[in-house]
Amino acid sequence: MRRGWAVVAVALPASALPQATFYPLFQGGVQRLQEAGLVPRQEQLPPTTPTGNPGLPPKFAELPEIPGLTEEQKQLKIIRAGETRREGQFIHTEGGAEILYEGYRVIADKIDGNLTTKGFDFQGNVRVTGKDSVVVGERVIVDFNTRHYHAYDAESQISPEVVQGNVLDNVYVQGRESFGSQRETTSHDSHFTTCNLSNPHFGIASEEMVVRPGRRAIFRHARVRLFGKTILSLPYLSIPLDERTYQYLPVVGMSDEEGYFIKNRYGIPLRGDGNNFDARLDYMSKLGTGWGGDWNYQGRNLNGVTRFYTITGNSNTLTLNNQHQQNLGWGQLQIDNDFQRNNYYWSSSSTSLNTRAVLSIPQRSGSTRLSFQRYGTETADSSSQNRSIAIGDQRSIGRNTRTSFDANWTTSSNNFGETSSEQQQVDLRFRGQHELPWASAALDYQRSVPVGENSQFFSGSDRTPVLSLTSDARRLLGEGWARSFPFRTEFSVGEFADPASQGHLGRGLFSLDFQKPDSGGRRFRMDQNGQFRQTMYTDDTAQYVLGYNTTLSYRLGTNTSANVRYSYLRPYGYAPMLLDRPGETNLVTTDVSYRPIRSLLVGAQTGYDILRLQDGNTAWQQVGVRAEYTPLRNILLRSLATYDSFNERWSNVRIDTTWQPGATTVSLGARYDGFQQVWGNVNLYIDNLKWGRTRFSTMLAYNGYTKRLDAQEYSFIYDLHCAEAILTVVESQVGYRPGRDIQFFIRLKALPFDSIFGTGKRGSPVGIGTGRDF
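Everything in this summary refers to the structure shown in the same document. (Residues numbered from 1 in each chain as written. Predicted model: local features only at pLDDT ≥ 70, side-chain atom pairs only at ≥ 80, totals over all residues. Heavy atoms only, no water.)

## Thoughts on the packing of aromatic side chains
Piece 1. On inspection of all chains with the given rule, the structure shows 13 aromatic pairs.
Piece 2. On the numbers, 5.7 Å between centres and 15° between planes, the contact of F120 with F122 is stacked.
Piece 3. You can call F120 buried: its relative accessible area is 2%.
Piece 4. Judged by relative accessible area, F122 falls into the buried class, the value being 0%. (Phe/Tyr/Trp six-rings, centres within 6.5 Å; stacked < 30°, edge-to-face > 60°. Buried < 20%, exposed > 50% of the residue type's maximum accessible area, 1.4 Å probe, protein only.)

## Some thoughts on the pairing of strand 36 (residues 635–644)
Piece 1. Bridge analysis of strand 35 (residues 623–629) against strand 36 gives 7 bridges, and the strand direction is antiparallel. In the sheet register, R626 faces strand 36, and the bridge partner there is L640.
Piece 2. Here strand 35 folds back onto strand 36 in antiparallel fashion, the turn holding 5 residues.
Piece 3. In textbook terms, the turn of a hairpin is the stretch between consecutive antiparallel strands, and for strand 36 and strand 37 (residues 649–659) this stretch comprises 4 residues, one of which, E648, has a positive phi near 55°. (Pairing = 2+ DSSP bridges. Helix = DSSP H or I, 4+ residues; strand = E, 2+ residues; numbered from the N terminus.)

## Some points on the nonpolar core
Piece 1. Counting residues in hydrophobic clusters, the biggest one holds 21 residues, and the most contacted among them are I99, Y101, I111, F120, F122, V140 and F144.
Piece 2. Listing elements by their share of this core, those giving two or more residues are strand 3 (90–101), strand 4 (104–108), strand 6 (119–129), strand 7 (133–143) and strand 8 (148–158).
Piece 3. If sequence neighbours within four positions are ignored, F122 has contacts with I99, V106, A108, K110, I111, E138, R139, V140, V142 and F144.
Piece 4. One finds F202, M209, F219 and L237 within the second-largest nonpolar core, a separate group that totals 15 residues. (Core = buried A, V, L, I, M, F, W, Y, C linked by side-chain atoms within 4.5 Å. Contact = heavy atoms within 4.5 Å.)

## Some points on the pattern of salt bridges
Piece 1. Scanning the model with the defined rule gives 24 salt bridges in all.
Piece 2. In this structure, the salt-bridge partner of E208 is R220, at a minimum N-O distance of 2.9 Å. On the criterion of sequence distance, the pair formed by E208 in strand 11 (residues 202–212) and R220 in strand 12 (residues 216–226) is long-range, its members being 12 residues apart.
Piece 3. Taking relative accessible area as the criterion, E208 reaches 22% and is therefore assigned partly exposed.
Piece 4. Assessed through its relative accessible area of 27%, R220 is described here as partly exposed.
Piece 5. Residues participating in the shared-partner salt-bridge network are R80, E98 and R105. (Salt bridge = Lys/Arg side-chain N within 4 Å of Asp/Glu carboxyl O.)

## Observations regarding the environment of P738
Piece 1. Assignment of secondary structure puts P738 in the loop between strand 42 (723–732) and strand 43 (739–748).
Piece 2. We classify P738 as partly exposed; its relative accessible area is 28%.
Piece 3. Considered as a pair, P738 and D710 are 28 residues apart in the sequence and their alpha carbons are 9.7 Å apart.

Below is the structure:
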């Protein structure tokens, strides 16, 4: 068994800080929109996700409810004030005041405001409260018109609702001076923490903190403090806010490929808004020294990122990639490059270069797109390369005509030893559509043309050309017919490529389809649809196809019903083209769901194939029997058994059980193979099992065929109040890169962070699920 020890790290995952984290005054309407049903609420986190800090008292008072604002509620309302003077649009209060304005409640010793510019200066024991945020300071200047603010000796509380659930608990920021807007916020002599105690367990103090929402947080002369002690001082700390797995503290560990390693990432300040560089310096005992960096750049009309990394040791690894976007004024340019040489993680003996460039030119009546792509890979004895140059154009001519044109020149070459091959082709595609009062007319042309000698070339998708008319009941006969007989019809003539004969055939088509659902609200309903399709070909063959489907349903009660479905499809005649051969169906299926008692739902389904009966075979299809039993609100048991009518035995039985005692979830899933007479899979999932301040979770997947655990995962989480110490062990015996990974890190509860627990080697989720209720 291949085992690897990976990542023993102390990480502060501030990369999850969301957009607009540091302008809480202006995001109070999010929850009001959620309550009105206009914005979806925060999605419930899965049980495996570390939770926030519920139940603890907030550092500031509860935020008041603010309903949807009316014009009257946006106006200034003085709740109380000592001395008040008002001259036109200017207002001045002293001796303590409380006002409501633009949906915010403000308390201050002194207030000066201009109702025309909506600029206010609040001084002395200032408290600005919104629905999901609060700012406390000695002086706060707010421009309610531009949504800018400037605060002195201020404290801010940012709740999860302000940033639409991108944090799990409140975030607290203190600063001698803070100012900014939605694009950028700056704080001097600041302190950042997610701990709601008067003496926070953890925090980052800095002389200057700059936050560019959704992009990056920058701390200059930063001090990382733990339990009131400075454990790390950094002249510059730069954290991307759009990378959930970003780790900016040293990481140490061991793995099979790298041996013992230490990995470091260090931010280097650059001039200009949006320009940042993260240097990387690693040492790996098996591979050597690795170094590189990530350069994020942004200008007035361009932005992008360039990453490079090399290992100067035995592996001779080099990776380089770049994503660049530029506004040229008359068009948009996007360039992506990726170079990999001896990447020990993916392929240690190959070199690849992938390039993609797209130039988009918008115009008044449409747009034009030019693109270039190159994909190439080389090894010691082989190479392959694919290149393409394409032009695309889409535009509207008047109100009723649209055109689309694409041309793509592709070159593919392969070399293996002394054998080589090359193929070139040009793909052309055109579609023009014109809207008539009674139909839509379209002209399609599609052709692939070989370039050079290629005796085996044939394109099975050619249309050279095809003219079609499509319409429906509303256009042809009016709204009344559309309601009673909603049909759609098409007529087309043209020439098609036929892969069967590797030639071209002329074809005429007439089709009539209808679909009529039952719009009544009765217990009994009948839905039906059908089709007629007639085709004729230039080789003197013809075919027509009849199809009909109907569903009869009778609702027995909540989540219970009986359904019978009939499907018929049959071609008559002969169609030389493969795309016109639909096959044949004559099938009846039925299913029933019934609830004999409130806690038990049972059901069954099967089918009867009339075509198999005509051939003398068993007509009955597989029979499925299912049941759901919920004896208590926190217990669900499900089972599904399948009877194979062809082999006359139970082929498969699945059982799922979930129990949720409090915050803990226990699930067991098993599948029994009736043919092999073995429990093929048994999966156990336990999440959030608490013991003191420790939470334990595990996933175990047992393979009954090999008599071993294919996967086992363990997670231990120790509560540190505002933070968590997490130990995760993941071991897989199958799939991509089998082996064991171990991670240890400390994370802040308020900031989401991705963990390897609950995912496979390729990042896909693993475990068992038991349906909609759990």
